[in-house]
Structure formats: structure tokens, C-alpha cells
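A closer look at the structure
Spelled out from the first residue to the last, the chains are:
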Amino acid sequence: MPKEFTVTPWKVEGEVDYTKLIKEFGVQEVNEKLLERIKKHTGELHYMLRRKIFFSHIDLGFILDEYEKGNKFYLYTGRGPSGNTHLGHLVPWMFTKWLQDKFDAELWFQMTDDEKFIFNPELELEETNRLAYENALDVIALGFKRGKTFIFSDVDYGKTLYKQAIRVAKRLTVSTTKAAFGLTDSDSVGKHFFTTVQSVPAFLPSVLKGKNIPCLIPCAIDQSVHFRLTRDIVHKLGYYKPAGLYNVFLPALTGPKGKMSASIAETAVYTTDAPEVVEKKIRKYAFSGGRDTVEEHRKHGGNPDIDVSYQWLRFFEEDDKKLERIHDEYKSGKLLSGELKEILIEKLTVFLKKHQENRERARKVLDSYILKD
């Protein structure tokens, strides 16, 4: 039988069953015991943990074990710069910022401009490289600490990365990349090689500092495939296997299936969108869980589980009580679909106004965050 959904680092289609994905990807659910351990060190749980937005992990217990021994970990995440940053990209970064603050951790942030050039026939390398630095502004705008945050383009940090990537490449077979990513003999050598480059930040700080440092990778679950391969190879090189903490996808505006795509404008809200653009997109495209008529909605209520406006609020409304009230009022029929959309519009307008102001300020300090050879 055909698969109900597809999740790879380059494509997410269908209605994702995260329970099945946990089994398929060989990860574990973030359970209450782990949440209590995190809370012991942070004093509180991030709302994305409370709401199971970050729902699965691999070796998170190891990271906490090492931290409790005094062996601090660093964070590694990244972005494939194929266009403007959208709100779905911000989700793991916002959570990563919280981890950096709570654990006083370094962040190594990889801009895979090489990947996007290799995998997208419509993009030139100069464009993906330019986008890497535009996207970096969105990272800095979230408030990551200068001096503890190191952003690098694969192209412009290539001398450092390549020396380590070939150590990985020597141990990675084509049959493995075919099995892991669905690549074929017709795919370019670059596609088979790329995962070796994405592996490097999972152990690079250990190389540069001359000691073994645990690595935690917060990212969307689709990227975990890369690190399944990385873990075995890095261990053979003598470094700790990187741990992962994985989030569910922010759904596309147009429906609860799949995830937001940077290349399809009507599915996404970009960090650079003006307020009137955000308002128009949500009113026009946001998939509704409401009834066909006001009368039916008042009588039977809406379905917040499939309503995109409500689902987006789960990612961006930090107040649990406010979110619960919105959920209950929508489900009861007291709150109409149009009113729910207006709540989301107001939330995102305020959020993006601040973000865009911070983004412009980030231009002045961009160089102080960037690593180059």
C-alpha cells in the first residue's frame, strides 16, 4: 500500500502521523520524566515543550546526564536558504533561543547555501549565498547572544568544514544515502555528498576546542534523517553522538496537511511581510475548521484540531490560559472562524512588527555573528 505521508529533508506531503514517524525514524517521545529533568534546570518549561510541539528526541537523557556532571553542551541548528524566512522556520529557532538562555549554551548555526544550490535547479549559488546572510538577520533578530552564537555559510566557511566533511565522506556509502534519502544513481554526486557537510557542525566545536563536547540539535523532525547517519559516523571518529530534539511542523496556511513551504507564497507568512499582506493571506487562505453557516457554527461549534488559525496560535501564543479560552470558545461555537482569524492577525502583526525592527538593527551587527575562513 502507498504511504499516507512523506517526510524527507526536502519534501513533506500528506497528513503526518507523528506516532508512526517516531517509530519510523527511530526516535523517542519526550516523556514527563524528561520534562521534569529539564524543568529542574530551567525553573519552567517552554510552552513548546508543554504543548508537545517539541515532541520527540534522541539521547536527550544523555545530554542532561552530561550537563549534570558539569559537561556543558552546545546547540546546533540551521537553515537552507532558498528564499525569505517564513514563520515555520522561526519555530525551532525560538525554542533554541530559550535553550541558549536557560543553559548558557553556544549556538552553531549552519546556512546550507551549498545544499540549496545542489538540490534546486532554479537557484544559482550566488543567490543562495546572498540569501544565507539575509536569513541570518532573522536569526539575530530573535535575540541570540553575541559571542555565543556562530553563524556560517557552508560556502564561506568551506575550508574549515571540508577538512572534516571528507572524514565523514570516507565512511559514508552511496548505498546508505540511497536508503536514507531515496536518492538514485541519476542524482548528482553533490546530493549524495551533502549530508557529510551537514554532519560537521555536530562535532566541529569538539575538533576546534580539542575536547569532546556534547551536541544538541533542535530542529524539525524532517531533518533528523541526516543525523541518523551522522551519529554512527561521528562515533567512529571518536566524538559523542549528537542528540536531537524535534518539533512538529507548522502547518501550511491552506490546510493542516504537510508543512509550510517557502516556495509557495499562499501557504506561508514571511518575516518580511507587511501587516496588510499578513492580514490578506490569513483572511483569504487560512484553512477553517468552522461550519458552513453561522447558525450551524453557533449550534455545533468549530474544530480547532484542523483550523489553521488555531493551530498557528499554538505555536505563537505563549499564554496557556488565553489559548485554552480560545480553544473552548471556538469549539463551543461562541467564537466564529472570522473572529479567530482576527485574533491570529493581531498576534502576528504585533510579533512581526517587533521582529522586523530587530531584523533591521541586526544589519549593523551581522558581521560580529558570522564565521568565515
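The structure this text deals with has already been given above.
I will try to describe carefully the structure that is included in this document.

Scoring rules and cut-offs
Residues numbered from 1 in each chain as written. Predicted model: local features only at pLDDT ≥ 70, side-chain atom pairs only at ≥ 80, totals over all residues. Heavy atoms only, no water. Salt bridge = Lys/Arg side-chain N within 4 Å of Asp/Glu carboxyl O. Helix = DSSP H or I, 4+ residues; strand = E, 2+ residues; numbered from the N terminus. Buried < 20%, exposed > 50% of the residue type's maximum accessible area, 1.4 Å probe, protein only. Pairing = 2+ DSSP bridges.

**Some remarks on the pattern of salt bridges**
For the structure shown, the criterion picks out 30 salt bridges. Between Glu68 and Arg37 there is a salt bridge, and its shortest N-O distance comes to 3.0 Å. One end of the pair, Glu68, is in helix 4 (residues 60-68); the other, Arg37, is in helix 2 (residues 32-42), and 31 residues separate them in sequence. Judged by relative accessible area, Glu68 falls into the partly exposed class, the value being 37%. For Arg37, a relative accessible area of 18% gives the class buried. With its nearest N and O atoms 3.8 Å apart, the salt bridge here joins Glu329 to Lys334. When its relative accessible area of 18% is taken as the criterion, Glu329 is described as buried. Here the residues in one salt-bridge network are Glu134, Asp138, Arg359, Glu360 and Arg363, joined through shared partners.

**Points about the sheet that holds strand 8 (residues 215-220)**
Spatial ordering of the open sheet is given by 3-4-9-8-5-6-7, a layout of seven strands whose pairing is mixed. This sheet does not close on itself; its edge strands, each paired only once, are strand 3 (28-29) and strand 7 (149-153). Where strand 8 and strand 9 (residues 243-247) come together, five bridges link them in parallel fashion. When the bridges of strand 9 are listed, Pro218 appears paired with Leu245.

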